[in-house]
Number of protein chains: 2
Amino acid sequence: MATRTRRAERREEPLSRERIVEVAVELLDAAGEGGLTFRALAERLATGPGAIYWHVANKSELLDAATDALVAGALEARDARSPKSPRDGIRAVALGLYDAIEVHPWLAVQLATQLSRSPWQPVTLRIFESVGRQVGALGVPENSWFTATSALLHYILGAAGQNAANAVSGRALGPGSSRAQFLDDASKTWEALDPDDYPFTRAVAAQMRDHDDREQFLAGVALILTGMTAAPPSSA
Amino acid sequence: MATRTRRAERREEPLSRERIVEVAVELLDAAGEGGLTFRALAERLATGPGAIYWHVANKSELLDAATDALVAGALEARDARSPKSPRDGIRAVALGLYDAIEVHPWLAVQLATQLSRSPWQPVTLRIFESVGRQVGALGVPENSWFTATSALLHYILGAAGQNAANAVSGRALGPGSSRAQFLDDASKTWEALDPDDYPFTRAVAAQMRDHDDREQFLAGVALILTGMTAAPPSSA
DNA sequence: ACCTGAACACCGTTCAAGT
DNA sequence: ACCTGAACACCGTTCAAGT
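Numbers given for residues are sequential positions, taken from 1 along each chain in its written order. The lettering of chains begins at A and the numbering of ligands begins at 1, in the order of writing. Side-chain atom pairs in this predicted model are given and counted only at pLDDT of 80 or more, local residue features only at pLDDT of at least 70, and totals for whole chains, interfaces and linings cover all residues. For side-chain calculations, the full set of non-hydrogen atoms in the structure is used, while hydrogens and water are omitted.

**Q** Before we go on, may I ask you to explain the overall build of chain A in this structure?
**A** Numbering of helices and strands starts at the N terminus; helices are DSSP runs of H or I of at least 4 residues and strands are runs of E of at least 2. When its secondary structure is counted, chain A shows 12 helices and 0 strands. Each of the 236 residues in chain A was classed as buried or not, and the buried ones make up 50%. Contacts are assigned to residue pairs that have any heavy atoms within 4.5 Å of one another. Residue pairs in contact within chain A that sit at least 24 positions apart in sequence constitute 63% of those at least 6 positions apart. Surface accessibility in these figures is a Shrake-Rupley result with a 1.4 Å probe; residues are shielded only by whichever protein chains are displayed. Carbon and sulfur atoms make up 52% of the accessible area of chain A, which amounts to about 11600 Å² in all. Throughout, exposure labels follow a simple rule: accessible area from a 1.4 Å probe, protein chains only, divided by the maximum for the residue type, with under 20% read as buried, over 50% as exposed, and the rest as partly exposed.

Written out as structure tokens, the structure is:
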């Protein structure tokens, strides 16, 4: 409520698409997809709901724009540091997405939605390109570039989504050792499962208790890299 | 509008949770998540919206129940055929989920939502167990069971989601050769991308045009199996 | 115990009207 | 060209009332 700033520096920005996306991300971060509302958006932007439709076609497009902005940001931040090796490059891209999803958990579902709505939207393509360049530099035979890059892409998105959720669950339980507590509880739940129905899950309950999300995530990446660079087995 | 059947055989089933889930799946198949509405559900079940809440806590639980039912079905169908080898077993589970997502595309997003909401829901656990048993039988060192199974799980869900979407996109364009046409169009789009921004994507445009979704999906599974069974490289 | 259906609060989207 | 805000159609959910 400043009485009047010199030139209304940023109080009365004229409502741009960028500004709308920016506030949309804030709402999504605060309360997930349910938190993004044209009315809430309008209130924060000191305008009416209808005004937003001048800059954005509908909610779906707004969600896409928010996703695109964050993914582009995550990838650029990683591309900037020219990696020492292709392996490092892949790790960097993977961790960039991992971190982005950890900060903005709604991204995981949003990416899955875009992927399944129609594959190869701009966002997916951006990630595909970013991962693929490193795959190409890795010495993988050219005729398996597409397969290898796709496999990596799917793993990264899926695993980042779950591990990020893991991290959030742990955090939600409070500060300090709650993360360990969370894993311990989950592990005990696994050990209490029916031995006939869940023998395997019971067997790895301890591994799951002791795992670190980030390490686990990178171990998966390493596993796929191994598969890509090893000679494929006899029959596929 | 039959005037009166002998004993109201199945006309007037007393509205059970199973029946509700069954109709929910029909609605989801017909029009995606937007198609599932308590009012539409009530109409199809010849009752009021409130009645449904006697059997189901809310929409989210209903969605979970529908997902659980279909995943359980897909996994049981595969478990029944005792596989010749662990590799075959993994392929069978993977394809079972692939097919389920192809028939019910909304499953992909729903699984991602469950995964990211909190990991290790019943559905995830079921898949994890199913995949993990075969991983255990594969001769993978026990201390990497958790990592290996997680990697496979994430790949399967992510890739099945995208490839199934691919299949649906192709189908939506009409019968016959439209699938090839769809891939051809997409491939041309890739070739027309900016050479500076998308060198890799342009380079694999032809591979993407010629790929078969199902083969591609299985090639990814094979790649991860290779990575699991090969000795890991020096530094991970 | 189970069902009915009106009512509540809230949503995305539209659009005539303003500047 | 861009914004306003009431209005429309629709949604999930609740709940007093019925059987």
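**Q** Looking at this structure, how should I read the relation of the copies chain B and chain A?
**A** Relating the two copies of this chain is a rotation about some axis coupled with a shift parallel to it. Between chain B and chain A, the superposition needs a rotation of 180 degrees and an axial shift of 0.0 Å, giving an RMSD of 0.0 Å. Expressed as a symmetry operation, the mapping of one chain copy onto the other fits a two-fold axis. Using C-alpha coordinates, one finds that chain B approaches the rotation axis most closely at Gly227(B), a distance of 1.8 Å. The overlap is high: 100% of the interface residues of chain B also sit at the interface in chain A, so the same surface is used on both sides. Copies are brought into register by a least-squares superposition over C-alpha atoms of residues with pLDDT of at least 70 in both.

**Q** Before we go on, may I ask you to explain the environment of Ser118(A) in this structure?
**A** All names here are of chain A. Note on placement: Ser 118 falls in the loop between helix 6 (106-117) and helix 7 (122-137). Through-space distance from the C-alpha of Ser 118 to that of Arg 91 is 26 Å; in sequence the pair is 27 residues apart. Two N or O atoms form a polar contact when they lie within 3.5 Å of each other; inside protein one atom must be a possible hydrogen donor and the other a possible acceptor, and for residues adjacent in sequence the pair counts only when both atoms belong to side chains. Within the local environment of Ser 118, its side chain forms a polar contact with the side chain of Gln 121, the two groups lying 2.8 Å apart.

**Q** Would you mind going over the interface of chain B and chain A with me for this structure?
**A** By a widespread convention, an interface's size corresponds to the accessible area lost as its parts come together. Tallying the contact residues gives 66 residues for chain B and 66 residues for chain A. Once two parts are brought into contact, the accessible area they lose, counted with a 1.4 Å probe and summed over both, makes up the buried area. Across the chain B/chain A interface, buried area totals approximately 5300 Å², and carbon plus sulfur atoms make up 67% of it. The largest contributions to the chain B side of the interface with chain A come from Phe146(B), Gln162(B) and Phe200(B), which together make up 14% of the buried area. The interface formed by chain B and chain A includes 16 residue pairs in polar contact (both at pLDDT 80 or more). Mapped onto the side of chain B that touches chain A, the elements with two or more residues apiece are helix 5 (86-103), helix 6 (106-117), helix 7 (122-137), helix 8 (145-172), helix 10 (199-203), helix 11 (205-210) and helix 12 (213-229) of chain B.

**Q** Got a minute to help me understand the nonpolar core in this structure?
**A** Across soluble globular proteins, nonpolar side chains have a tendency to be buried as a group. Among the nonpolar cores identified, the biggest contains 146 residues, and Leu41(A), Trp190(A), Met228(A), Leu41(B), Trp190(B) and Met228(B) are the most heavily contacted of them. Sequence-distant contacts of Met228(B), that is, excluding residues within four places in its chain, are made with Leu223(A), Val135(B), Leu138(B), Val140(B), Ala148(B) and Leu152(B). Buried residues of nine kinds, namely Ala, Val, Leu, Ile, Met, Phe, Trp, Tyr and Cys, make up a nonpolar core once their side-chain atoms join them within 4.5 Å.

**Q** Looking at this structure, how should I read the protein's contact with DNA strand D?
**A** Any residue with a heavy atom positioned within 4 Å of a molecule or strand is treated as near that molecule or strand. Around DNA strand D there are 18 residues in total, and Pro14(A), Thr47(A), Gly50(A), His55(A) and Arg39(B) lie nearest to it. Near-protein atoms of DNA strand D (within 4 Å) split between backbone and bases, with sugar and phosphate holding 47%. A distance of 3.4 Å separates a phosphate oxygen of DNA strand D from a polar backbone atom of Gly48(A). Among the secondary structure elements, those contributing two or more residues to the surface near DNA strand D are helix 3 (49-55) of chain A together with helix 2 (38-44) and helix 3 (49-55) of chain B. Considering every element that reaches the surface near DNA strand D, the biggest residue donor is helix 3 of chain A, with 5 residues. Any residue that is not Ala, Val, Leu, Ile, Met, Phe, Trp, Tyr, Cys, Pro, Asp, Glu, Lys or Arg is counted as polar, Gly included; the first ten are nonpolar and the last four charged. Residues belonging to the surface near DNA strand D are distributed by class as follows: 8 nonpolar, 7 polar and 3 charged.

**Q** Teacher, can you tell me more about the protein's contact with DNA strand C here?
**A** Surrounding DNA strand C, one finds 18 residues, the nearest of these being Arg39(A), Pro14(B), Thr47(B), Gly50(B) and His55(B). Within 4 Å of the protein, the contacting atoms of DNA strand C are 47% sugar and phosphate, with bases supplying the remainder. Here a base oxygen of DNA strand C and a side-chain polar atom of Arg39(A) are 2.7 Å apart. Going through the elements one at a time, helix 2 (38-44) and helix 3 of chain A together with helix 3 of chain B are the ones with two or more residues in the surface near DNA strand C.

**Q** I'm lost on unusual backbone geometry in this one. Help?
**A** Only a minority of non-glycine residues have a phi that is not negative, and only a minority of peptide bonds are not trans. Its identity is not glycine, yet Ala46(A) carries a phi of approximately 55 degrees, on the positive side. Along the chain, Ala46(A) turns up in the loop between helix 2 and helix 3. Phi at Trp120(B) is positive, roughly 65 degrees, even though this residue is not glycine.

**Q** I tried to follow the pattern of salt bridges on my own but got confused; where do I start?
**A** Opposite charge on two side chains allows them to pair when their charged atoms are near. One side-chain nitrogen of Lys or Arg within 4 Å of one carboxyl oxygen of Asp or Glu is enough to make a salt bridge. Under the criterion given, the structure shown has 22 salt bridges over all chains. Taking the shortest distance from any N to any O, the salt bridge between Arg126(B) and Asp68(B) comes out at 2.8 Å. Placement of Arg126(B) in helix 7 and of Asp68(B) in helix 4 (residues 59-80) is noted, with a sequence separation of 58 residues between them. Salt bridges linked by common partners bring Asp184(A), Lys188(A), Arg209(A) and Asp210(A) together as one network.

**Q** How do you make sense of the packing of helix 5 (residues 86-103) of chain A against helix 7 of chain A when you look at a structure like this?
**A** Geometry of a packed helix pair, given as the angle between the helix axes and the separation of the axes. Residue and element names in this part refer to chain A. Lines are fitted to the C-alpha atoms to define the axes, a helix being fitted only along its stretch in contact, and any angle between axes, read from their N-to-C directions, falls within 0 to 180 degrees. The contact between helix 5 and helix 7 brings their axes to 8 Å, and the two run at 160 degrees. Between helix 5 and helix 7, the interaxial angle falls into the category roughly antiparallel. Here helix 5 runs over helix 7; the crossing is left-handed. The segment helix 5 lies against helix 7, with Pro 86, Gly 89, Ile 90, Val 93 and Leu 97 engaging Ile 127, Ser 130, Val 131, Gln 134, Val 135 and Ala 137. When the residues that make up the contact of helix 5 with helix 7 are grouped by side-chain class, the tally is 8 nonpolar, 3 polar and no charged. Geometric relationships in this document are graded by angle, where less than 35 degrees denotes roughly parallel, more than 145 denotes roughly antiparallel, 65 to 115 denotes roughly perpendicular, and other angles denote oblique. The handedness criterion is simple: a crossing whose near helix is rotated anticlockwise from the far helix by less than a right angle is left-handed, and one whose near helix is rotated clockwise is right-handed.

**Q** Would you mind showing me how to read the environment of Gly136(B) here?
**A** Inspection of the secondary structure assignment puts Gly136(B) in helix 7. With sequence-adjacent residues up to four places away left out, Gly136(B) is seen in contact with Phe200(A) and Trp145(B).

**Q** Help me out: how do you make sense of the UniProt feature "DNA-binding region" (unreviewed entry) in chain A in this one?
**A** UniProt positions are given in the numbering used here, feature names are shortened, and annotations may be inferred rather than shown by experiment. Annotation from UniProt places "DNA-binding region" (unreviewed entry) at residues 37-56 of chain A. Taken end to end, residues 37-56 of chain A is 70% helix and 0% strand, and its first and last C-alpha atoms sit 13 Å apart.

**Q** Even after reading the chapter, I still don't get the packing of helix 5 of chain A against helix 12 (residues 213-229) of chain A, so can you show me in this structure?
**A** Residues and elements named next belong to chain A. For the pair helix 5 and helix 12, the least separation of the axes is 11 Å and the interaxial angle reads 140 degrees. With respect to helix 12, the axis of helix 5 lies oblique. Here helix 5 and helix 12 pass one another in a crossing that is right-handed. In this structure, helix 5 uses Arg 87, Ile 90, Arg 91, Ala 94, Leu 95, Tyr 98, Asp 99 and Glu 102 to contact helix 12, whose residues at the interface are Asp 213, Arg 214, Phe 217, Leu 218, Val 221 and Leu 225. Across the contact of helix 5 with helix 12, the residue classes break down as 8 nonpolar, no polar and 6 charged.

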